[in-house]
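So the chains spell out like this:
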Amino acid sequence: QIQLVESGGGLVQAGGSLRLSCAASRRTFGSWTTGWFRQAPGKEREFVSAITSSGSSTVYADSVKGRFTISRDNAKNTVYLQMNSLNPEDTAVYYCATAAKLLATARIDYNYWGQGTQVTVSV
């Protein structure tokens, strides 16, 4: 079992930036694809971005492409999500999760999940 803890959320004005972190409890974290999802009030949880275990490949949802950057530091058992040019539509609880499937984008492919961190973007 892997425990994931997200941090870095908060309140930011539109156009601002935040960096989210996802810290894992085990070194085997570095063997899994890690993804970020988000869930806004009243909406389904949606895919945001994913990164392979080595960090060599990434994938993004169209809505965040060019604004968000995912990265990882396996020595620190941590995956990051740098979010720039934030807008109110990015307001959501952000979750990180792990998957055995390479660059998985479907929620069903992810097995371990963190508790989430709130991101709120004001106008």
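A.B. asks: Just to check I follow, could you spell out the overall build of the chain for this structure?
C.D. replies: For the chain, the helix and strand inventory stands at 0 helices and 11 strands. Ordering the α and β elements of the chain from the N terminus gives β-β-β-β-β-β-β-β-β-β-β. A compact globule built from 123 residues would reach a C-alpha radius of gyration of about 14 Å, and the chain, at 13 Å, matches this within 12%. Across its three principal axes, the chain shows a C-alpha extent of roughly 40 × 25 × 25 Å. Counting every position in the chain, which comprises 123 residues, the buried fraction comes to 45%. Long-range contacts, defined here as pairs at least 24 residues apart, represent 58% of the contacts in the chain between residues at least 6 apart. Treating the 12 positive side-chain charges of the chain as one cloud and the 8 negative ones as another, the clouds have centres 7 Å apart.

A.B. asks: When you look at the sheet that holds strand β3 (residues 18-24) in this model, what are you seeing that I'm missing?
C.D. replies: Within a beta sheet, neighbouring strands are joined by backbone hydrogen bonds and run either parallel or antiparallel to one another. Pairing is antiparallel in the open sheet, where 4 strands are placed in the order β1-β3-β8-β7. The open sheet has two edge strands, β1 (4-7) and β7 (68-73), and neither has a second partner. Adjacent strand axes in the sheet meet at a mean angle of 15° when their direction is disregarded. As paired elements, β3 and strand β8 (residues 78-83) share 6 bridges and run antiparallel to each other. The residue bridging Cys22 from the neighbouring strand is Val79, located in β8.

Analysis parameters
Counting restarts for each chain, with residues numbered from 1 along the sequence as it is written. Only residues with pLDDT of 70 or above have their local features reported here, since the model is predicted, and side-chain atom pairs are shown and tallied only from 80 upward, although totals for entire chains, interfaces and linings are computed over all residues. The basis for every side-chain value is the complete set of heavy atoms in the structure, and neither hydrogens nor water enter the calculation. Helical segments are the DSSP runs of H or I of at least four residues, strand segments are the runs of E of at least two, and each set is numbered from the N terminus. What the globule rule says is 2.2 Å times the number of residues to the power 0.38, and the radius of gyration is computed from C-alpha atoms. Here the term buried applies to any residue with accessible area under 20% of the maximum for its type, exposed to any over 50%, and partly exposed to those in between, with areas from a 1.4 Å probe on protein chains only. Residues count as neighbours in contact if any of their non-hydrogen atoms are within 4.5 Å of one another. For the purpose of counting charges, residues Lys and Arg are taken to be positive, whereas Asp and Glu are taken to be negative. His and the chain ends are not included. Charge positions come from single atoms, namely NZ of Lys, CZ of Arg, CG of Asp or CD of Glu. In this description, strands pair whenever DSSP reports at least two bridges between them. Only the stretch in contact is used when fitting a helix axis, every axis being a line fitted to C-alpha atoms; angles between N-to-C directions are given from 0 to 180 degrees.

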